[in-house]
Amino acid sequence: MKVSYNTNGLRHLTIKEALKTVRNHNYDGVELSFHENHLHPLMTTRKEVEELKNFCSDHNIIISCISAGADNLLGEMPFEPSLINPNKACRSIRKDFLKRSIEIANNLNSPYLVFASGKLKDNIDRGMAYNWLIESIEELLSECGGLTMLIEPEPEFLISTSTGAIQLIKDINHEHFKMNLDIGHVNCCEDDYLNAIDKALPFTKHIHIEDIKDRIHYHEILGQGHLDFPQIFSILSKHNYDGFVSVELYNHTGVHQKALKESYDFINKHIELVPKGQLI
């Protein structure tokens, strides 16, 4: 198991400052989130991507994955246009955005690209939206190269639960389509969240982690909420999960040093508490 930190919690820094800050806190890798202040797929040049790739190489920085899920990258309406927008032209805008995201992720040697389904609009049939989502994902997978695309269940989205993501993965049935499991989201959206995590792990290639209070979707610093982390890490151990666990605290930019240090210490303490021989 390896630990990374998501740069969406460091948006007030430049992208290079953010990368160095994570590295200086001894994380194994960095999850790079597309944001206007860091990288915007439609505004970043190929030269800038190459410079960033060289910077990571020069500073021994490993990119655990790239997240393309920010809410305002394509306009003022959060998360729109989405892959399930009823307007075909709007769906194409999101697909073109993700195709450029795939290109950048491949250029940066990221093994994964995280994205989400989008919110279901009023008076739109769920089954129709689901078909649009499958159609869009299959088109994107035809251009993904060696990259694996990861659907992230998001509260209030069409795909909001790990159960829904598993069904989507089975329906698409492609070796380069799996799940980014957000531990806090599972707690917010699924009643037996520990059992849901257990069932989701065989379909999971990357994990977001944060704490949650009272099943309210607000990312807390690890140890400041109500999640049962001893049980969570025991489940990860049971499945021999050897990928990245990425801390996602986008709402803690003002205390980023505290968030970085306490999260790293918290995760490593809990890993040490798992009986020896259970973790890879």
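Structure shown above.
This text gives an overview of the structure that appears in the document. In this text, all values refer to a predicted model and were calculated from it rather than measured experimentally.

**A few points about the pairing of strand S3 (residues 63-67)**
In terms of residue burial, S3 counts as a mostly covered element, since five of its five residues are buried. Judged from the four bridges that link them, strand S2 (residues 29-33) and S3 form a sheet pairing that is parallel. Within S3, the residue paired with leucine 32 across the bridge is isoleucine 66. After leaving S2, the chain enters helix H2 (residues 46-58) and then returns to the sheet as S3, a path that is right-handed. Bridge analysis of S3 against strand S4 (residues 112-115) gives two bridges, and the strand direction is parallel. Paired with isoleucine 66 across the strands is leucine 113, a residue of S4. In the classification by handedness, the crossover that spans S3, the intervening helix H3 (residues 88-107) and the parallel S4 is right-handed.

**Structural notes on empty space enclosed by the protein**
Under the counting rule described, the total for this entry stands at one cavity of 30 Å³ or more. Within this model, the largest cavity holds a volume of roughly 40 Å³. Lining the largest cavity are Pro153, Ser160, Thr161, Ser162, Leu181, Asp182, His185, Val186 and Glu190. For the lining of the largest cavity, the secondary structure elements donating two or more residues are strand S6 (177-182) and helix H6 (183-189). For the lining of the largest cavity, the residue count by class is three nonpolar, four polar and two charged.

**Some words on the pattern of salt bridges**
Side chains that differ in sign of charge can pair as their charged atoms come close. Applying the stated criterion across every chain yields a total of 11 salt bridges. Close ionic contact of glutamate 80 with lysine 121 constitutes a salt bridge, the shortest N to O distance being 3.8 Å. In this pair, glutamate 80 sits in the loop between S3 and H3 while lysine 121 sits in the loop between S4 and helix H4 (126-141), placing the two residues 41 residues apart along the sequence. Taking the relative accessible area as the measure of exposure, glutamate 80 reaches 9% and is therefore buried. For lysine 121, a relative accessible area of 29% translates into the label partly exposed. For the salt bridge of lysine 99 with glutamate 139, the shortest nitrogen-to-oxygen distance reads 2.7 Å.

Criteria and cut-off values
- Residues numbered from 1 in each chain as written.
- Predicted model: local features only at pLDDT ≥ 70, side-chain atom pairs only at ≥ 80, totals over all residues.
- Heavy atoms only, no water.
- Buried < 20%, exposed > 50% of the residue type's maximum accessible area, 1.4 Å probe, protein only.
- Helix = DSSP H or I, 4+ residues; strand = E, 2+ residues; numbered from the N terminus.
- Pairing = 2+ DSSP bridges.
- Right-handed = clockwise from strand over helix to strand, strands pointing away.
- 1 Å grid on protein atoms, 1.4 Å probe; cavity = no way out; pocket = protein on both sides within 12 Å on 5 of 7 lines; lining within 4 Å.
- Points joined across faces, edges and corners; volume = space filled by probe spheres on them.
- Nonpolar A, V, L, I, M, F, W, Y, C, P; charged D, E, K, R; others polar.
- Salt bridge = Lys/Arg side-chain N within 4 Å of Asp/Glu carboxyl O.

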